[in-house]
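The lines below spell out each chain.
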Amino acid sequence: MKKFKLSFLILAVGLFLITGCGKDGLDGKATLKFDWDWYVDTYWDSNPGVPTTISKMVPYNTQPGTFTYEYDCSDAYDS
């Protein structure tokens, strides 16, 4: 059983290394659209391309990058 697990692990890692690494895609335009349910109370992110007031399903042009975000929700189950 140990030999099977070791073989499986080696095979899985090998497949990951072969298929999981590749070239990055071409640079292009980046856009964001937001959609939410009625119980989202607040939203904040560090992306300078997103305006202070956002609308549902409106595309916002932004620069590629990594950004942080936070949101607060309430629903019928909150006390």
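Residues numbered from 1 in each chain as written. Predicted model: local features only at pLDDT ≥ 70, side-chain atom pairs only at ≥ 80, totals over all residues. Heavy atoms only, no water.

**As for the confidence of the model for the chain**
Phase 1 of the analysis: Averaged over the chain, the pLDDT score is 81; the fraction of residues at 70 or greater is 86%.
Phase 2 of the analysis: Highest mean pLDDT in the chain belongs to strand E3 (residues 60–62) (90); lowest belongs to helix H1 (residues 2–19) (76). (pLDDT = per-residue confidence, 0-100. Helix = DSSP H or I, 4+ residues; strand = E, 2+ residues; numbered from the N terminus.)

**Observations concerning the packing of aromatic side chains**
Phase 1 of the analysis: The final tally for this structure, using the stated rule, is three aromatic pairs.
Phase 2 of the analysis: Ring centres of Phe-34 and Tyr-60 lie 6.2 Å apart, and the angle between their planes is 55°; on these two criteria the pair is classed as tilted. With Phe-34 in the loop between strand E1 (30–32) and strand E2 (40–45) and Tyr-60 in strand E3, the pair connects residues that are 26 residues apart, well separated along the chain.
Phase 3 of the analysis: Taking the centre distance of 6.3 Å and the plane angle of 5° together, the rings of Tyr-69 and Tyr-71 count as stacked.
Phase 4 of the analysis: Among the aromatic residues, those joined into a ring-pair cluster are Phe-34, Tyr-43 and Tyr-60.
Phase 5 of the analysis: Taking NZ or CZ as reference, Lys-56 lies 5.7 Å from the ring centre of Trp-36, over its face. (Phe/Tyr/Trp six-rings, centres within 6.5 Å; stacked < 30°, edge-to-face > 60°. Lys NZ or Arg CZ within 6 Å of the ring centre and 35° of its normal.)

**Details of a nonpolar patch on the surface**
Phase 1 of the analysis: There is a patch of nonpolar side chains on the surface, built from Leu-6, Leu-9, Ile-10 and Val-13 and spanning about 390 Å² of accessible area.
Phase 2 of the analysis: With respect to the secondary-structure elements, Leu-6 resides in helix H1. (Patch = residues over 30% accessible without salt bridge, like charges linked within 9 Å, V, L, I, M, F, W, Y side chains within 5 Å. Areas by Shrake-Rupley, 256 points an atom, 1.4 Å probe, with all protein chains shown as cover. Salt bridge = Lys/Arg side-chain N within 4 Å of Asp/Glu carboxyl O.)

**Regarding the side chain of Asp-45**
Phase 1 of the analysis: Mapped onto the elements of the fold, Asp-45 is located in strand E2.
Phase 2 of the analysis: Of the side chains with opposite charge, Lys-33 lies nearest to the buried Asp-45, which makes no salt bridge, at 16 Å.
Phase 3 of the analysis: A polar side-chain atom of Asp-45 sits 2.7 Å from a polar atom in the side chain of Tyr-43.
Phase 4 of the analysis: Engagement of the side chain of Asp-45 in a polar contact is seen with the backbone nitrogen of Asn-47, the distance being 3.1 Å.
Phase 5 of the analysis: Here Asp-45 is in contact with Phe-34, Val-50, Thr-68 and Tyr-69, once residues within four sequence places are set aside. (Buried < 20%, exposed > 50% of the residue type's maximum accessible area, 1.4 Å probe, protein only. Lys, Arg positive; Asp, Glu negative; His and termini not counted. Polar contact = N/O pair within 3.5 Å; in protein donor to acceptor, adjacent residues only side chain to side chain. Contact = heavy atoms within 4.5 Å.)

**Here's the deal with the pattern of salt bridges**
Phase 1 of the analysis: The full count for this structure, using the stated rule, is one salt bridge.
Phase 2 of the analysis: Linking Asp-35 and Lys-56 is a salt bridge whose minimum nitrogen-to-oxygen distance equals 3.6 Å. Taken together, the residues Asp-35 in the loop between E1 and E2 and Lys-56 in the loop between E2 and E3 connect sequence positions 21 residues apart.
Phase 3 of the analysis: By relative accessible area, Lys-56 is classed as partly exposed at 43%.

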